[in-house]
Amino acid sequence: MVRGPAALLGLLAAGLAYLLAAPALPVLQPDELAALVACAIGIGLVVAIIAGLVATSDARIALGLALLGAALIAAGLNAAGVAAAATPFEAVAYGCAGVAFALVFDAPAVAIALPLFIAGVDLLAFAGGAGSPSFGLSVTRAGDALGLELPAWGGGGVAAGRIAIPEVVFVAAYATYARRSGLRERPAEVGMAVALLVAAAAAVLADARLPTLALIGAGYLLPNADRLRALANR
């Protein structure tokens, strides 16, 4: 995974270029394949940006500046109706919130207990009939400040899917815990990206909503299953 301010800026530039170019890319068939490809690339970019951002947990002043700057840019782009272009900056802004949460509650016990607690709450809500708002085919063109838009290829501004804010926040928090607690950070980040992709695939292929926060917690914990006992003993 990428590290450092220069790498993060490079990812932001690459993500912005792709998201702006996506509406002009060739339309794929069938529609399900098109949505999956767009969601997979968008998810990969968002998680990669968060992975680069987690390095700022070692420089708290930089974290605050990144949060402020990204929030202002994202607000301006959303106000201008360019929601897809705002996605990389929203990933930074909401990711900073997740990193800050992990820094405030920086304890080995929380690194294990938080994903278990959030997964339990998410599963209870799912069992009670509450659907996940994360992914789904969308024909809405208006900007949505409550989610990160993943544009469809050749869609002329139509969104293939959206990632909800809590998912971005917890991906960043869990990645920060992995970095600071001696867990496998990179496999955890990959696991969480796969969890988001599974949620997207379920929505696209089966019109089903999965407990996405629980899946993200599993993607974070499972690659570190053999290290959790030692972490808990600390």
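Everything numeric in this text was worked out from a predicted model, so none of it was measured.

What counts, and where the lines are drawn
- Residue indices follow the written sequence of each chain, beginning from 1 at its first position.
- Residues qualify for local features only when their pLDDT is at least 70, as the model is predicted, and side-chain atom pairs are given and counted only at 80 or more; totals for whole chains, interfaces and linings, by contrast, use all residues.
- With hydrogens and water excluded, all non-hydrogen atoms of the structure serve as input to the side-chain values.
- When the centres of two rings from Phe, Tyr and Trp lie within 6.5 Å, Trp using its six-membered ring, the rings pair. Their planes under 30 degrees apart give stacked, over 60 give edge-to-face, and anything left gives tilted.
- Accessible area is worked out with a 1.4 Å probe on protein chains only. A residue is then buried under 20% of its type maximum, exposed over 50%, and partly exposed in between.
- Labels follow the DSSP assignment, with helices taken as runs of H or I lasting at least four residues and strands as runs of E lasting at least two, numbered in each case from the N terminus.
- Think of each axis as a best-fit line through the C-alpha atoms, taken over the contacting stretch in the case of a helix, with angles from 0 to 180 degrees between the N-to-C directions.
- Throughout this description, any angle smaller than 35 degrees is read as roughly parallel, any larger than 145 degrees as roughly antiparallel, any in the 65 to 115 degree range as roughly perpendicular, and the remainder as oblique.
- Put simply, a crossing is left-handed when the front helix is turned counterclockwise from the back one by less than a right angle, and right-handed when it is turned clockwise.
- Any pair of residues with heavy atoms lying within 4.5 Å of one another is described as a contacting pair.
- Here the nonpolar group is Ala, Val, Leu, Ile, Met, Phe, Trp, Tyr, Cys and Pro; Asp, Glu, Lys and Arg are the charged ones; every other residue, Gly included, is treated as polar.
- Buried Ala, Val, Leu, Ile, Met, Phe, Trp, Tyr and Cys residues that are joined via side-chain atoms within 4.5 Å together make up what is termed a nonpolar core.

One pass over the structure, following the stated rule, counts 3 aromatic pairs. Residues phenylalanine 101 and phenylalanine 105 carry aromatic rings whose centres are separated by 4.8 Å and whose planes lie at 40 degrees to one another, so their mutual orientation is tilted. The partly exposed category is assigned to phenylalanine 105, whose relative accessible area is 43%. Taking 5.8 Å as the distance between ring centres and 35 degrees as the angle between the ring planes, the aromatic pair formed by phenylalanine 170 and tyrosine 174 counts as tilted. Here the residue phenylalanine 170 and the residue tyrosine 174 both occupy positions in helix α6 (residues 165–181), the gap between them amounting to 4 residues, near one helical turn.

As a rule of thumb, non-glycine residues mostly have phi less than zero, and peptide bonds are mostly trans rather than cis. Note that the residue after glutamine 29, namely proline 30, is joined by a cis bond; omega there is 0 degrees. Within the secondary structure, proline 30 sits in the loop between α1 (5–21) and α2 (31–53). Of note, the phi angle at aspartate 207 is positive, near 50 degrees, even though the residue is not glycine. On the accessibility criterion, aspartate 207 (62% relative accessible area) is exposed.

So, about the packing of helix α5 (residues 108–127) against helix α8 (residues 212–221). In the contact formed by α5 and α8, the axes pass within 7 Å of each other and the chain directions differ by 150 degrees. Considering their axes alone, α5 and α8 lie roughly antiparallel with respect to each other. In this structure, α5 crosses over α8, and the sense of that crossing is left-handed. Between α5, through Ala111, Pro115, Leu116, Ile118, Ala119, Asp122 and Leu123, and α8, the contact on the second element is made entirely by Thr212, Leu213, Ala214, Gly217, Tyr220 and Leu221. Of the residues contributing to the contact of α5 with α8, the split by class is 10 nonpolar, 2 polar and 1 charged.

To continue, consider the packing of α6 against α8. One way to put it is that α6 packs onto α8 with a least axis distance of 10 Å and a crossing angle of 15 degrees. Between α6 and α8, the angle is such that the two are roughly parallel. Crossing handedness for the pair α6 and α8: right-handed. Contacts between α6 and α8 involve Pro166, Glu167, Phe170, Val171, Tyr174, Tyr177 and Ala178 from the former and Thr212, Leu213, Ile216, Gly217 and Tyr220 from the latter. Its residues assigned to classes, the contact of α6 with α8 shows 9 nonpolar, 2 polar and 1 charged.

Of all hydrophobic cores here, the largest spans 61 residues; its most connected members are Ile43, Ile163, Tyr174, Ile216 and Tyr220. By residue number, the principal contributor to this core is α2, which donates 10 residues. Not counting the four nearest positions on each side in its chain, isoleucine 216 is found in contact with Glu167, Val171, Tyr174, Met192, Ala195 and Leu196.

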